[in-house]
Amino acid sequence: MNRIAENINYFKENLPQEVTLVAVSKTKPAEDVQTAYDAGHLDFGENRVQEMVEKYEILPKDIRWHQIGHLQKNKVKYIAPFVHLIHSVDSESLLKEINKQALRNERTISCLLQIRIADEETKFGMEQEEAEKILSTYQEKFPSVKIIGLMGMSTFTEDKTQIRNEFRGLKIFFDKLKTQNPELQTLSMGMSGDYQIAMEEGSNMIRVGSSVFGNRNYG
Ligand SMILES: *Cc1c(COP(=O)(O)O)cnc(C)c1O
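In this numbering scheme, every chain counts its residues from 1 along its sequence in written order. Local features in this predicted model are restricted to residues whose pLDDT is 70 or higher, and side-chain atom pairs enter the listing and the counts only when it is 80 or higher, whereas totals over whole chains, interfaces and linings include all residues. Derived side-chain values reflect all non-hydrogen atoms in the structure, with water molecules and hydrogen atoms excluded from consideration.

Regarding the environment of Met205
Put simply, the rule reads: Helical segments are the DSSP runs of H or I of at least four residues, strand segments are the runs of E of at least two, and each set is numbered from the N terminus. When accessible area is computed with a 1.4 Å probe and restricted to protein chains, residues below 20% of their type maximum are described as buried, those above 50% as exposed, and intermediate ones as partly exposed. By the convention used here, residues are in contact when the closest approach between their heavy atoms is within 4.5 Å.
Within the fold, Met205 resides in strand β8 (residues 205-208). On the accessibility criterion, Met205 (8% relative accessible area) is buried. Between the C-alpha atom of Met205 and that of Met151, which follows or precedes it by 54 residues, the distance is 8.9 Å. Residues in contact with Met205, not counting those within four places in the same chain, are Val19, Thr20, Val22, His66, Leu85, His87, Thr186, Leu187, Ser188 and Met189.

Structural notes on the site of the ligand
As a reminder, the rule being used: Note on terminology: near, applied to a residue and a molecule or strand, indicates that one of the residue's heavy atoms is within 4 Å of it. Under this definition, polar contacts are N or O atom pairs within 3.5 Å; protein pairs additionally need one hydrogen-donor-capable and one acceptor-capable atom, and for neighbouring residues in sequence, both atoms have to be side-chain atoms. Computed by Shrake-Rupley with a 1.4 Å probe, the accessible areas treat only the displayed protein chains as cover when residues are assessed. Cavity means a closed set of points on a 1 Å grid over the protein atoms alone, one where a 1.4 Å probe fits but cannot get out, pocket means an open set with protein on both sides within 12 Å along at least 5 of 7 lines, and lining means a residue has an atom within 4 Å of a point. Whether a molecule sits in a cavity or pocket is decided by its atoms, more than half of which must lie within 2 Å of the grid points.
If you check the shell around the ligand, you find Val24, Lys26, Ile68, Met153, Met191, Ser192, Arg207, Val208, Gly209, Ser210 and Arg216 and nothing else. A distance of 2.9 Å separates a nitrogen atom of the ligand from a polar atom in the side chain of Arg207. Contact distances for the ligand include 2.8 Å between an oxygen atom and a side-chain N or O atom of Arg216. Calculation on the ligand without its partners gives an accessible area of 380 Å², and the protein chains cover 90% of this total. According to the grid-proximity analysis, the pocket containing the ligand is the largest pocket.

Focus: the side chain of Gln114
Residue placement: Gln114 occurs in strand β5 (residues 109-116). Reaching out from Gln114, the side chain makes a polar contact with the backbone oxygen of Phe124 at a distance of 3.2 Å.

Examining the packing of aromatic side chains
Rule in force here: Pairs were defined over the aromatic rings of Phe, Tyr and Trp, the Trp ring being its six-membered one, requiring ring centres within 6.5 Å. Orientation was assigned from the angle between planes: stacked under 30 degrees, edge-to-face over 60, tilted for the rest. Sitting over a ring, as applied to charges here, requires NZ of Lys or CZ of Arg to be within 6 Å of the ring centre and within 35 degrees of the ring normal.
Per the counting criterion, the structure on display carries five aromatic pairs. With a centroid separation of 6.1 Å and 45° between ring planes, the pair formed by Phe44 and Trp65 is classed as tilted. Here the residue Phe44 occupies a position in strand β2 (residues 43-46), and Trp65 occupies one in strand β3 (residues 64-67), the gap between them amounting to 21 residues. What makes Phe44 buried here is its relative accessible area of 0%. In this structure Trp65 comes out as buried when scored by relative accessible area, which is 0%. Plain terms: the ring middles of Phe44 and Phe213 are 6.5 Å apart, the flat faces sit at 40° to each other, and that makes the pair tilted. Of the two residues, Phe44 sits in strand β2 while Phe213 sits in helix α9 (residues 210-213), which places them 169 residues apart along the sequence. Overall, the relative accessible area of 8% leaves Phe213 in the buried class. An aromatic cluster of three or more residues is present, and its members are Tyr10, Phe11 and Tyr195. A cation over an aromatic ring shows up here: Lys61 above the ring of Tyr56, its NZ or CZ 4.8 Å from the ring centre.

This is the structure:
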C-alpha cells in the first residue's frame, strides 16, 4: 500500500473517535491529496489561499478545506465560496471581512479564534482578552460567521513541559469560555511533533502534515 494511505489508515485506527484529523497538504501535489481522499479521508488543511483554491478546483468537491495559516483580509474572498473552517482568525477586522464574504456567498462560515500561546513574537494569534470581547458581541455584528472553537500553536521547542503547559493553558481558557458559549466545541491544537501531547491536554482537532504526507522542503 502507498505510504500516504498507510498513514491515513494508521490515524483512522489509532485516533480516539472524538479527535478529527486535518491532514495538512501544504506544498504537496494534488495527487497526494487524492491518494489520502481515496483512502477515505475528507479533511485537508492549507496555509496559502492560492494553493487551496488551485487544489479545490481540481479535486473532489466533498473535500472539507481548512484554512490553517495566517489569512490576509484581501484574500478571504477567494476561499469564502467553499472553505469548511478557518482556524486562523486573529483579529476582529478579519472576522468582519469573513462575515462580509460569507454573506455575499449566502453561506455561514465556521471559524476558530487563534489564541497566542507560544512565547514567540512571530506566531500569530490574539490575546485571551480580545477573544472574550469578540465572543461577547460578534453574533449581532457578524451573523454570517459562526465561532465554533479555538486554535493554538505551541512554541517551537524541544521542551515538552513547556509545550504541555501551553496546550493546558489553552484548554483551561476553552473550558472557561464554554460555560458562556456552549457553541464552542472545537479545540484545534497539535501538529506532527506535538499532537500526542495536545490530545492528552484535551485537543479534539489535530493538524498533521509531515506525519501524513512526508517531510516538506519548504512551507
Ligand atoms: C504546517 C502546519 C501544520 C502541520 O505541520 P506538521 O509539522 O507538518 O504536522 C499545522 N498547523 C499549521 C498552522 C501549519 O502551518
